[in-house]
Amino acid sequence: MSITLLTNFERVEVLLNAPDTVSVSNKRWHSAFVAIYCSRALMSHFTPNNNTNKTKPKALPKPTSSFTVVDLNSHHSFGIDQTTLTDIVKEKDLQSLENFGGVEGVATALETHVEYGIKGDDDAEDITRRKQVFGSNTYAKPPSKGFFHFVVEAFKDVTILILLVCAAFSLGFGIKEHGLKEGWYDGGSIFVAVFIVISLSSISNFRQNRQFDKLSQVSNDIQIDVVRSGRRQHVSIFDIVVGDVICLKIGDQVPADGVFIEGHSLKVDESSMTGESDHVEIDRRRHPFLFSGTKVADGYAKMLVTSVGMNTTWGQMMSSISSDIDEETPLQERLNRLTSSIGKVGLAVAFLVLVVLLVRYFTGNTKDENGEREFNGGRTKFDDIMNAVVGIVADAVTIVVVAIPEGLPLAVTLTLAYSMKKMMADQAMVRKLSACETMGSATTICTDKTGTLTLNEMKVTKFWLGLEPQSAYSKVAPFVLQLIQEGVALNTTGSVCKSNEPGSEFEFSGSPTEKAILSWAVLDLKMEMEQLTRSCSIIHVETFNSKKKRSGVLLRRKADNTVNAHWKGAAEMVLKMCSRYYDASGIVKDLDNDSMLKFEQIIQGMAASSLRCIAFAHVEVAEEEVEDEEGNTMVKVKDNGLTLLGLVGIKDPCRPGVKAAVEACQHAGVNVKMITGDNVFTARAIATECGILRPNQDTVGAVVEGEEFRNYTHEERLEKVDKICVMARSSPFDKLLMVQCLKQKGHVVAVTGDGTNDAPALKEADIGLSMGIQGTEVAKESSDIVILDDNFASVVTVLRWGRCVYNNIQKFIQFQLTVNVAALAINFVAAVSAGEVPLTAVQLLWVNLIMDTLGALALATEKPTKELMDKLPVGRTKPLITNVMWRNLLAQALYQIAVLLTLQFKGESIFGVTSGVNDTLIFNTFVLCQVFNEFNARKMEKRNVFKGIHRSKLFLGIIGFTIVLQVVMVEFLKKFAGTERLNWGQWAICIGLAAVSWPIGWVVKLIPVPDTPLLNFLSKKK
């Protein structure tokens, strides 16, 4: 009866937990139904059962219109609800967990298995059901900024607001004086021009914001190691569901809330949740609770997921944080200072123009189209005076608009956004904007070996037992083989399972080294992994990390109850722990000095063949060594007096193309240093193979060990760091020391890293490059760029893109400053001497549009070229505007000023045209000069500016678009733009004058310039 009652109560609980999103009337029906069902459920246990005969049970009544049969065994129901799960973990409620039968009880309630996980791929419906009941592992993000936000931001520009006020005044006075049909042109045209500038700026910023959202989503899509249907597999963090069994290792981010199933030495960094820096030890008995967003600091484990997405504290916290893309890169800060300086000059010029024009107007020195004085004292209408003043103010403000190079920040934004998108296709995901440009200045790259310079496809190619290499395993003593198999099977973070793939019998998971050893043991030594793991119970594990370079396990055999310790790790490290060794016959021999020397020579020989050497050792532990006087188990694996079982050599071939990539860096003036945990002989062999060391190079001072570097004095390190090419047996602290020394010497340092302990070096470096495949989540979060394919060639691609970003911005600065200098000089000279500006407000806004938005788009999206890798790195100290740029821009600006001022003062008499046509010739020539000069800006030092232009389709498209718009402005928008139509001859004159920019650019590039920056040279003169 109690079982039946419990079942009924479970069904009642399902009813009570029905969603509360129903309407009020439905809630009443729901309450009534629950009341009736509960009373019937209770009464049925107190009503005597008279049906004692074993007759055939009556069939269920067929549903009629008077009632509906409700199935209380909903297939969405589980034995535990989300609220209970959340409370158990969030409150760290051990008592409630025990009440449910511990972790196994919760797993049963969630219809999963602590060893085999959920059905997963075999049952997609099960995953869908879990997402429906417990939610998906995603969190609600704050709404991203809409298009209207960027429009409002654009309107905050003071010069734009002043222009709009001037346009409003001009529109009002124009309509009052000339009527609506003719009077709206001046003011209306400024409104339209401002609208176009704001629209293009807003669209650009809006698109960039959308792109960052997409990149953010990609960077958050972490691959998680889960067990489903008994097989370990990688799934996206967004596909984790409640009931999943997840495998955690050092450096992983905990992807959801859950409870500890099994594992060893697990310590978690909960500082992101609690702010406490101390690592929390996780175990089955005292603290089995794991929280989403925390990081695994040590050990490994399996966890059962109990809450995902918005049901976790991390999800709720992240949903309130919007991704901030308003970070200013160092280059943007430098450009903002440059913009501010140029703006001040422009403001001074505009103020002078304003004063000169006002003085000339009110002293009667200006004339209208009919040649009559515009200002005649008291006889001039107030409206006319205001209209003239508004026009003068609009001209002065427009000079400010043209003078302030607003396109510089836009150019940086465009080139960074464009390069980030392209770098993603080239296997590099940018996490921090500043890294794009900083990489272009890099002078030194400190790279890992494994997986970056090598393929990370490891295979055991040599096996030594005693002092003899072994190829026929049948000759090895069976019990020695049994010990090796035991050491491999139980001292590993990897796993073996039967493969579903045709053509392969087994599937191996874990790190590349673990997979290589497991593969060798299973396929060559015929190891039975499952049988061995069942035959022993693990007492304690000491996990591998990059400092110890070894891992150990203390285990008890179930067959004879003996305790044994197994160690595995870097051969020279494990060898120091041994006092004896086995030979192939199984005879134990003492490891005396002669034997030790021979083993060291074997290890060095394997290392010189580019093999990674791993040693296995074993010792039987006495019972009294396992427990202390009080009977507590000792938490230490015996690490002395071991017997060496054997050595294996693992081959990890160099990546194809890595030598060419290293040579490309060296040709570009970038030093490549290899920092590895392998021994000095392996490191030297790989470095020579990759081209970091030259064959027969003197390696004294070029190859050091981490301990040696660490023991130098600070002054010695600074003295020797430049010469070091390879650092072997290094710890993460050694890598950090090297980065700090290089930075103190003035280098711009890029560092690659994949481990959790690499995080300090990645943060310290100017550019931290983490590995996308082997990199831990801690390493990725500490880095600026993630190399998605772990390939050094992709690091070189990032270097090329970084230089491209810097180069593109320099091209645009040269182009824009040419326009700024020319426009300011022409308007100032004309205003002071003739009392009028040749370029109207609308025309200047159009020039501003060409050089700011379209110019930035054309020059900032140029792709990297091979020539970029022919230059030396920029480093930290070189100025943004180089001597080459000054030479180019001053030559072009002086030519434009000379031509346009000649047209201003002599154009009417030279070409025999009216004043209106002459002003149009000036405007048209000025715009076309910028179009031709855009070609010159493509190559700052090369004379052939057309090389590779057929690949720059966007550049050609923008040039074509600009020319079409200019023709429309001149020929069809007379009243809007204040222009007159030109004939074919006049167009030819404009084009001819503008085209002279090309030969001038070619000739000027023959003039040599000093290496010393111009500003430094001037300061020395003073």
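Everything numeric in this text was worked out from a predicted model, so none of it was measured.

(A) Looking closely at the overall build of the chain. When helices and strands are counted, the chain shows 37 helices and 26 strands. The burial tally for the chain puts 51% of its 1022 residues in the buried class. At a minimum sequence separation of 6, the contacts of the chain that also span at least 24 residues come to 73%. Here the chain displays about 48,300 Å² of accessible surface, and carbon together with sulfur accounts for 57% of that area.

(B) Spatial organisation of the nonpolar core. Membership of the largest hydrophobic core comes to 65 residues, with the highest contact counts inside it found for M439, I692, V726, I767, I785, F792 and I813. Viewed by domain, this core spans two of them, domain 4 (330–417 + 800–1017) and domain 5 (428–455 + 655–790), each represented by three or more residues. When sequence neighbours within four positions are dropped, the list of residues in contact with I767 reads A435, T438, M439, A442, V748, V749, A750, V751, D784 and I785.

(C) Just a positive patch on the surface, in detail. Taken together, the side chains of R207, K214, K421, K422, K863, K866, R951 and K953 make up a positively charged region of the molecular surface. Broken down by secondary-structure element, the contributors of at least two residues to the positive patch are helix 9 (185–220) and helix 14 (407–425). The topology assignment puts K863 in the loop between helix 30 (841–860) and helix 31 (883–911).

(D) Structural detail: the packing of helix 20 (residues 593–608) against helix 23 (residues 680–690). As a packed pair, helix 20 and helix 23 sit with axes 7 Å apart at the nearest point and diverge in direction by 15 degrees. As the angle between them shows, helix 20 and helix 23 are arranged roughly parallel. Our pair here, helix 20 against helix 23, has a crossing hand that is right-handed. Here helix 20 contributes Q604, A607 and A608 to the contact with helix 23, which in turn contributes F681, T682 and A685. Of the residues belonging to the contact of helix 20 with helix 23, the class tally is 4 nonpolar, 2 polar and no charged.

(E) Focus on the sheet that holds strand 24 (residues 749–753). Strand order in the open sheet formed by 8 strands is 8-26-25-24-9-21-23-22, and the pairing between neighbours is mixed. The open sheet has two edge strands with one neighbour each: strand 8 (428–430) and strand 22 (703–705). Going across the sheet, the axis of each strand differs from the next one's by a mean of 20 degrees, ignoring polarity. Sheet topology note: the strand 8/strand 26 (residues 785–787) ladder contains 3 bridges and is antiparallel. Among the inter-strand pairings, M429 is bridged to a residue of strand 26, identified as V786. Contacting strand 9 (444–447), strand 21 (671–675), strand 23 (726–728) and strand 24, helix 26 (residues 732–744) crosses the sheet at an angle of about 170 degrees to strand 24.

(F) Structural view of the side chain of S419. Tracing the backbone shows S419 in helix 14. Owing to a relative accessible area of 1%, S419 belongs among the buried residues under this scheme. With residues up to four places along the chain from it excluded, the contact list for S419 reads C436, W801 and V805.

(G) Representation of the packing of helix 31 against helix 36 (residues 997–1004). At a minimum axis separation of 10 Å, helix 31 and helix 36 run at an interaxial angle of 145 degrees. Handedness of the helix 31/helix 36 crossing: right-handed. Residue-level inspection shows R887, N888, A891, Q892 and Y895 of helix 31 in contact with helix 36, the latter providing S997, I1000, G1001 and V1004. Considered class by class, the residues forming the contact of helix 31 with helix 36 number 4 nonpolar, 4 polar and 1 charged.

About the criteria used
Residues numbered from 1 in each chain as written. Predicted model: local features only at pLDDT ≥ 70, side-chain atom pairs only at ≥ 80, totals over all residues. Heavy atoms only, no water. Helix = DSSP H or I, 4+ residues; strand = E, 2+ residues; numbered from the N terminus. Buried < 20%, exposed > 50% of the residue type's maximum accessible area, 1.4 Å probe, protein only. Contact = heavy atoms within 4.5 Å. Areas by Shrake-Rupley, 256 points an atom, 1.4 Å probe, with all protein chains shown as cover. Core = buried A, V, L, I, M, F, W, Y, C linked by side-chain atoms within 4.5 Å. Domains from an automatic or database assignment. Patch = residues over 30% accessible without salt bridge, like charges linked within 9 Å, V, L, I, M, F, W, Y side chains within 5 Å. Salt bridge = Lys/Arg side-chain N within 4 Å of Asp/Glu carboxyl O. Lys, Arg positive; Asp, Glu negative; His and termini not counted. Charge placed at Lys NZ, Arg CZ, Asp CG, Glu CD. Axes fitted to C-alpha atoms, helices over the stretch in contact; angles between N-to-C directions. Parallel < 35°, antiparallel > 145°, perpendicular 65-115°, else oblique. Left-handed = near helix turned anticlockwise from the far one by under 90°. Nonpolar A, V, L, I, M, F, W, Y, C, P; charged D, E, K, R; others polar. Pairing = 2+ DSSP bridges.

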